[in-house]
Amino acid sequence: EAKQQGRNTWQWYGDEVSILMSEHVEMRLELQEAIREGQFLLHYQPIVDAHTGAVRSVEALVRWKHPEKGMISPGLFIPLAEQTGQIVAIGRWVLQRACQDMAHLHAEGGPALQVAVNISPLQFRRAGFLAQVEQVLETTGWPADRLELEVTEGVLMSGTDRAIEVLNALRQRGVQVAIDDFGSGFSSLRYLRQLPISKVKLDRSFIHDITHNGDNAAIVQGVITMAHHLGLKVVAEGIEVPEQQRDLMDRECDLLQGFLFSRPVPLDQLTQLPMHLAPPRRDLPLTRPTGL
Ligand code: C2E
Ligand code: MG
Ligand code: MG
Ligand code: MG
């Protein structure tokens, strides 16, 4: 389209691209400094057991506290860090810090939670990844079965043999693996059967309109039924209103995560949260799309 509009458009695109590129170069340098100076921090979001309302696990989510720009969300810098390879250093820090925080929390008399850590594709595919996990478990003393790694379906779909090798090694070590953002890519349910994983996290895009969109509701039901058939647990993320909670509970979803229960919070606030969040409610009126 730009081509048809002639030379000026190209020119304009050129400027746009170079602005974008210089922004990237700048952020890349700033990320380098952030890694050096330790400008990252972790927030934790509780994951609620749909049957009991108990919180037995949390997801660690990285934040970048930029000295001038303030808090920068991972959606803005993780994709770039993935491109530049800086995600490897950031990811190593996240893994170490999350296990350290949880060990600390438990040592201080807090609950023994399971912690879920997001692992980027590049990090997962690196030759030293298993050694990295091992080293973190050793240095923090955190039990392997209280660590869960969240990987996106893309990681498992490409380079499959090697990915399955790594998954098997993790399983042997006792580390759990969940597929994050399930349904947002191209993974088939059939494919799930071959993977040594323990959980599926339904992508937020299916949850946000689940009570109004019959197609999404049907997909969610299909994933839950199939996952259970394969012995996997299902987490729904992005639950914001009680109607979504109710709907997912009716569909036998195992675990619930979202702003309705709690936003991601710093460790010291996590300890303030009740470890039973929003006990299951069966009394809410439910509006469900017709035809289901
Ligand atoms: P994700 O792993 O799917 O994490 C869930 C995201 O949904 C988080 O965004 C969380 O704050 C948000 N969320 C949770 N409940 C709700 C809700 O009820 N409503 C809405 N609107 N959002 C909700 P966040 O923290 O901005 O992270 C975004 C993404 O960045 C994550 O998606 C993950 O892909 C990536 N990310 C975050 N931390 C890390 C990390 O340490 N390493 C890597 N590799 N990626 C990370
Ligand atoms: Mg995640
Ligand atoms: Mg997710
Ligand atoms: Mg997501």
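Reading the values: rules and limits
Counting starts from 1 at the beginning of each chain's written sequence and moves along it residue by residue. Here every chain gets a letter starting at A, and every ligand a number starting at 1, in the order they are written. Local features in this predicted model are restricted to residues whose pLDDT is 70 or higher, and side-chain atom pairs enter the listing and the counts only when it is 80 or higher, whereas totals over whole chains, interfaces and linings include all residues. Derived side-chain values reflect all non-hydrogen atoms in the structure, with water molecules and hydrogen atoms excluded from consideration. Throughout this document, a residue counts as near a molecule or strand when at least one of its heavy atoms sits within 4 Å of that molecule or strand. Any N or O atom pair separated by 3.5 Å or less is treated as a polar contact, with the protein-specific requirement of one donor-capable and one acceptor-capable atom, and with residues adjacent in sequence counted only for side-chain atom pairs. To be clear on the numbers: accessible area is Shrake-Rupley with a 1.4 Å probe, and residue cover counts the displayed protein chains and nothing else. Using a 1 Å grid laid over the protein atoms alone, points where a 1.4 Å probe fits but cannot get out form a cavity; open sets with protein on both sides within 12 Å along at least 5 of 7 lines form a pocket; any residue with an atom within 4 Å of a point counts as lining. Put plainly, a molecule is in a cavity or pocket when over half of its atoms are within 2 Å of the grid points there. Put simply, DSSP marks the helices as runs of H or I at least four residues long and the strands as runs of E at least two long, and each gets a number from the N terminus on. Under the scheme applied, nonpolar residues are Ala, Val, Leu, Ile, Met, Phe, Trp, Tyr, Cys and Pro; charged residues are Asp, Glu, Lys and Arg; polar residues are all the others, including Gly. Metal donors: N, O and S atoms at distances within 2.8 Å, or within 3.2 Å for Na, K and Ca, with water omitted from the atom set so that some sites may seem incomplete.

A look at the site of ligand 1
Around ligand 1 there are 22 residues in total, and Arg63, Asn118, Arg204, Glu240 and Phe259 lie nearest to it. At 2.8 Å from an oxygen atom of ligand 1 is found a side-chain nitrogen or oxygen belonging to arginine 63. Here an oxygen atom of ligand 1 sits 3.1 Å away from a polar atom, N or O, in the side chain of aspartate 181. Coverage of ligand 1 by the protein chains reaches 83% of its 810 Å² of free accessible surface. In this structure, ligand 1 is accommodated by the largest pocket. Residue assignment for the shell around ligand 1 shows that the elements contributing at least two residues are β2 (55-66), α2 (74-84), α3 (87-107) and β6 (176-182). If you tally residues by element for the shell around ligand 1, the top one is β2, at four residues. Split into classes, the residues belonging to the shell around ligand 1 amount to nine nonpolar, five polar and eight charged.

Re the coordination of the magnesium ion (ligand 2)
Within the protein, the atoms that donate to the magnesium ion (ligand 2) are Glu59 (OE), Asn118 (OD1), Glu150 (OE) and Asp180 (OD), at distances of 2.0 to 2.2 Å. Positions of the donor residues of the magnesium ion (ligand 2), expressed as sequence spacing, correspond to E-x58-N-x31-E-x29-D. The two metals, the magnesium ion (ligand 2) and the magnesium ion (ligand 3), are separated by 3.5 Å and share aspartate 180 as a common coordinating residue. Of this pair, glutamate 150 sits in strand β5 (residues 147-152) while aspartate 180 sits in strand β6; the two residues are 30 residues apart in sequence, bridging distant segments of the chain.

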